[in-house]
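Notes for the structure review
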Amino acid sequence: MKLVRPDSDPVREKFAQARKELSAALIEREDEVDLVLTALVANEHVLLVGPPGCGKSLLLDSVLSWTGGTKFSILLTKFTTVEELLGPVSLTALKVDKYLRVTTGKLPEADYSFIDEAFKGSSAILNVMLKILNERVYDVGDGVARKVPLKLCLAASNEWASPDTGKELSALSDRFLLRKSVSPIRSQAGRQRLLWTRDHAPKLSTMVSPTEVEEARRAALILPWSSEAKEALETILKELAKEGVQPGDRRQFKTVGVARAFAYLCGADEVLPEHLEVAQHCLWDSPDGDQPQKAAQVIARVANPVGMRVTQLLLEAEQVLVAADVRNLADAAKAAAKLAEIDRQMSSLKGNGRVEKARLYLKEQLKKLKLASIEAV
Ligand SMILES: Nc1ncnc2c1ncn2[C@@H]1O[C@H](COP(=O)(O)OP(=O)(O)OP(=O)(O)O)[C@@H](O)[C@H]1O
Ligand SMILES: [Mg+2]
């Protein structure tokens, strides 16, 4: 992934700034930040699935607080009524035999929405959402399809919908082009930051208006694809099919636009293979059968995106750190050598803000490891 470089495009600069500020405040959430901002540029809905308390709401609320425009947030339960989503039936209209709703402040008038516990709603709610998310229209019950201004729906859930949980949930899950599992914080340093930082809420120095988001969308839409990236995407789809992962045609086609949005976010002038990193969140149909992991592996192998390599190497480093016994000098030395090797591999990756941050982290861990083993003897 490319470093966001200074840009003469003020909207792109705003996105770069927000990306930096969100990633700085949220611990180990760089990928999720990138995903949500990409979704905003691409005008595609995004779903984050993860255990309670892993920062999903904090991120999604923060992004919504950054965008201007009309917003609507709701936490769904099985008792949530259609009125809470669409607004109450208009009594004035009923008096003249018309069935309308007062939609002020509700989903039909929102540019951006956040649906928490997205799969918890009743059948009626899920059906309303399906239509709004997919066709961007709603029907108050009079058979007339009314257009909604919705550009982006952010959603969160504690678990994935699966065929076992019913067709409606699977259908709703499919409406989110971008879907990602969110893991709890992995690193020791991340956990320390979580524990000892008083306030994790990002401080955002800018705001973005719907007009500016539209400007970003249009700018991203015209970014060309390099021939290498085109070839890589075609190879990825072939390789995925061999692994039994066959995302539908709509997902495949929409991935082209999502990669453009990500390239825009990265400050690039064209889509390069490394921007296919984001495709790991689109190019699978069901979370079953390790499809998301397979998509990530194939993309990492074919397109070799720097961001994915950094994540992989940091995971390896964490495993080394967890397994190291600092009281045993030979063991500590072996761990230090492994960390140095990981750093060497990291240094061969192309310049990128995330590479530098990861290398700094490795350096700190190496220092701590050496100090701890000296103290232990
Ligand atoms: N990665 C993180 N970075 C910073 N703060 C975090 C992170 N994960 C959790 N927190 C802290 O935990 C709090 C709870 O997180 P949040 O409410 O966003 O979780 P959630 O994933 O939405 O949980 P739920 O599924 O229960 O709704 C945050 O407000 C924040 O203080
Ligand atoms: Mg939440």
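The text that follows walks through the structure, step by step, so that each part is easy to find.

Calculation notes
- Per-chain numbering applies: the sequence of each chain, read as written, is numbered from 1 onward.
- Chains and ligands are labelled sequentially in the order written, the chains with letters from A and the ligands with numbers from 1.
- With the structure being a predicted model, the display of local features is reserved for residues of pLDDT at least 70 and the display and counting of side-chain atom pairs for 80 or more, all residues being used for whole-chain, interface and lining totals.
- For side-chain calculations, the full set of non-hydrogen atoms in the structure is used, while hydrogens and water are omitted.
- Summary of the burial criterion: residues with accessible area below 20% of their type's maximum are buried, those above 50% are exposed, and those between are partly exposed, where the area comes from a 1.4 Å probe applied to protein chains only.
- Each helix is a run of H or I in the DSSP string that is no shorter than four residues. Each strand is a run of E no shorter than two, and both are numbered from the N terminus.
- Any residue with at least one heavy atom within 4 Å of a molecule or strand is counted as near it.
- Think of a polar contact as two N or O atoms within 3.5 Å of one another; within protein, one of them needs to be a possible hydrogen donor and the other a possible acceptor, and neighboring residues in sequence only count if both atoms come from side chains.
- We get accessible surface area from the Shrake-Rupley algorithm with a probe of 1.4 Å; when it comes to residues, only the shown protein chains can shield them.
- Note on residue categories: nonpolar means Ala, Val, Leu, Ile, Met, Phe, Trp, Tyr, Cys or Pro, charged means Asp, Glu, Lys or Arg, and polar means any other residue, Gly included.
- Side-chain rings of Phe, Tyr and Trp, where Trp is taken by its six-membered ring, are said to pair if the distance between their centres is within 6.5 Å; with planes under 30 degrees apart they count as stacked, over 60 as edge-to-face, and otherwise as tilted.
- Patch definition: residues with relative accessible area over 30% and no salt bridge; like charges joined within 9 Å; nonpolar side chains (Val, Leu, Ile, Met, Phe, Trp, Tyr) joined within 5 Å.
- The rule for a salt bridge is simple: a side-chain nitrogen of Lys or Arg has to be within 4 Å of a carboxyl oxygen of Asp or Glu.
- Count a disulfide wherever a pair of cysteine sulfur atoms falls within 2.5 Å.
- A cavity here means a set of 1 Å grid points, computed over protein atoms only, where a 1.4 Å probe fits but cannot escape. A pocket is an open set with protein on both sides within 12 Å along at least 5 of 7 lines, and lining residues have an atom within 4 Å of a point.
- Grid points are joined across faces, edges and corners, and a volume is the space filled by probe spheres set on the points.

**Examining unusual backbone geometry**
- A positive phi angle is found at Glu28, which is not glycine, with a value near 55°.
- Assessed through its relative accessible area of 26%, Glu28 is described here as partly exposed.
- Located in the positive-phi region is Arg136, a residue other than glycine, with phi close to 55°.
- Position of Arg136 among the secondary structure elements: in the loop between helix H6 (123–135) and strand S4 (137–139).
- Using a relative accessible area of 18% as the deciding quantity, one classes Arg136 as buried.

**Some details on the site of ligand 1**
- In the vicinity of ligand 1, 15 residues are found, and the nearest of them are Gly53, Lys56, Ser57, Asn158 and His200.
- Take Gly53: an N or O atom from its main chain is 2.6 Å from an oxygen atom of ligand 1.
- At a separation of 2.7 Å, an oxygen atom of ligand 1 approaches a polar side-chain atom of His200.
- Contact with the protein chains removes 75% of the 640 Å² of surface that ligand 1 exposes when unbound.
- Per-element accounting of the shell around ligand 1 gives the leading share, three residues, to helix H3 (residues 56–66).
- Looking at the shell around ligand 1, its residues break down into eight nonpolar, five polar and two charged.

**Looking at the packing of aromatic side chains**
- One pass over the structure, following the stated rule, counts three aromatic pairs.
- With a centroid separation of 5.1 Å and an interplanar angle of 90°, the aromatic rings of Phe15 and Trp66 are classed as edge-to-face. Pair noted here: Phe15 is in helix H1 (residues 10–25) and Trp66 is in helix H3, with a separation of 51 residues, a long-range link.
- With a centroid separation of 5.5 Å and 80° between ring planes, the pair formed by Trp160 and Trp284 is classed as edge-to-face.

**Structural notes on a nonpolar patch on the surface**
- Where nonpolar side chains cluster on the molecular surface, the patch consists of Leu91, Leu94 and Tyr99 and spans about 290 Å² of accessible area.
- Looking at the element boundaries, Leu94 is found in helix H5 (residues 91–95).
- With relative accessibility at 39%, the residue Leu94 sits in the partly exposed group.

**Description of the state of the cysteines**
- The tally for this structure, following the rule as stated, stands at zero disulfides.
- Counting only cysteine sulfurs, Cys266 is the nearest neighbor of Cys282, a cysteine outside any disulfide, at a range of 14 Å.
- With a relative accessible area of 0%, Cys282 lands in the buried category.

**Section: the layout of surface pockets**
- A volume near 1600 Å³ is recorded for the largest pocket.
- Lining of the largest pocket is provided by 50 residues; of these, Asp31, Arg186, Thr311, Gln312 and Leu315 occupy positions nearest its centre.
- A per-element tally of the lining of the largest pocket places helix H13 (residues 306–323) first, with eleven residues.
- Residues of the lining of the largest pocket, tallied by class, amount to 19 nonpolar, 14 polar and 17 charged.

**As for empty space enclosed by the protein**
- Throughout the structure, instances matching the rule amount to one cavity of 30 Å³ or more.
- If you add up the space inside the largest cavity, you get close to 70 Å³.
- Around the largest cavity, the lining residues are Asp31, Asp34, Leu35, Thr38, Phe262, Glu277, Val278, Gln280 and His281.
- Broken down by element, the lining of the largest cavity gets its largest block of residues, four residues, from helix H2 (residues 30–42).
- Classifying every residue of the lining of the largest cavity gives three nonpolar, three polar and three charged.

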